[in-house]
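Descriptive analysis of the structure
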Amino acid sequence: MWEINEPDPVKLIIGILAADRDCLKEAVERISAEYGEYDLISKVYDFYQTDYYKDQAGENILRQFVSFKELIYPGRLASIKHRTNQIEEELADKLDTPFPRPVNLDPGIIEPSKLVLASTKNFSHRIYIGDNMYAELTLSFCKGKWQSFSYTFPDYKEDRYHEFLSEVREKLVEQIRSLKD
């Protein structure tokens, strides 16, 4: 009989798309209140790769990533996606903007070898993870660098996020080592 092992804990990361800096700041505060202290936060990037969110959040969308200090069990990703969807709705009601969805929260997990993002939408490259949610392997980490796939979102294909994602990965590796010592 084969031995079944518990998965290693992973790093929760949330990508934020926001209509402006005030919305971005409010989103960071809200997800920090929900998921605890963050240990890494990226710089703010302009999000220009698609106009998909233009009607929801305007024309000058900003992107930022937050990585949380406490490691999580990877099986929580579906429930986290449900909760971040609720937070988006709460922020849409609270924030004073003309946009119906001024904040978009994209939770994912980083393991030493990959970045996985949660989604409400099914496509050929996504796997059902329970509770009406899907996940996709967005990037893999191989030979010291992040690698994309044909289906990877265009902004993740660019290497401008990769330095930050590598910092998160390094922090995760350190945390896992300290748990095993």
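Residues numbered from 1 in each chain as written. Predicted model: local features only at pLDDT ≥ 70, side-chain atom pairs only at ≥ 80, totals over all residues. Heavy atoms only, no water.

Here we take up the nonpolar core. By size, the foremost hydrophobic cluster in this structure holds 50 residues, and its most contacted members are Ile16, Leu115 and Leu165. Among the elements of the structure, strand S1 (11–18), helix H1 (21–35), strand S4 (62–68), helix H3 (77–94), strand S5 (103–111), strand S6 (114–119), strand S8 (133–142) and helix H5 (162–180) are those that each provide at least two residues to this core. Setting aside residues no more than four positions away along its own chain, Leu165 makes contact with Ile13, Ile110, Leu115, Leu139 and Trp146. (Core = buried A, V, L, I, M, F, W, Y, C linked by side-chain atoms within 4.5 Å. Buried < 20%, exposed > 50% of the residue type's maximum accessible area, 1.4 Å probe, protein only. Helix = DSSP H or I, 4+ residues; strand = E, 2+ residues; numbered from the N terminus. Contact = heavy atoms within 4.5 Å.)

Next up on the list: the side chain of Ser119. Along the chain, the position of Ser119 falls in strand S6. Relative accessible area serves as the criterion here: at 8%, Ser119 is assigned to the buried category. Each residue touching Ser119, except ones within four places of it in the same chain, is listed here: Lys81, Arg126, Met133 and Tyr134.

What follows deals with a negative patch on the surface. Negative charge collects at one region of the surface, where Glu163, Glu167, Glu170 and Glu174 lie side by side. Here Glu170 lies in helix H5. Its relative accessible area of 48% is what places Glu170 among the partly exposed residues. (Patch = residues over 30% accessible without salt bridge, like charges linked within 9 Å, V, L, I, M, F, W, Y side chains within 5 Å. Areas by Shrake-Rupley, 256 points an atom, 1.4 Å probe, with all protein chains shown as cover. Salt bridge = Lys/Arg side-chain N within 4 Å of Asp/Glu carboxyl O. Lys, Arg positive; Asp, Glu negative; His and termini not counted. Charge placed at Lys NZ, Arg CZ, Asp CG, Glu CD.)

Residues spaced three or four apart along an α-helix point in a common direction, a consequence of the helix completing one turn every 3.6 residues. Look at H1: 21 Å from first C-alpha to last across 15 residues, which is about the 21 Å you get at 1.5 Å a residue. Burial in H1 covers these residues: Cys23, Leu24, Glu26, Ala27, Val28, Ile31, Ser32 and Tyr35. Close packing links the buried residues of H1 with S1, strand S2 (38–41), S4, H3 and S5. Its side-chain oxygen 3.1 Å from the backbone nitrogen of Asp22, Asp20 forms the N-cap of H1. A positive phi of about 95° marks Gly36, the residue just after H1. (Expected span 1.5 Å × (residues − 1). Polar contact = N/O pair within 3.5 Å; in protein donor to acceptor, adjacent residues only side chain to side chain.)

What follows is about unusual backbone geometry. Positive phi, close to 60°, is recorded for Asn132, a residue that is not glycine. If you trace the backbone, Asn132 turns up in the loop between strand S7 (127–130) and S8. Of note, Lys143 is a non-glycine position whose phi angle comes to about 55°, a positive value. As for its placement among the helices and strands, Lys143 is situated in the loop between S8 and strand S9 (145–147). What makes Lys143 exposed here is its relative accessible area of 81%.

Keep in mind these values describe shape, not function.
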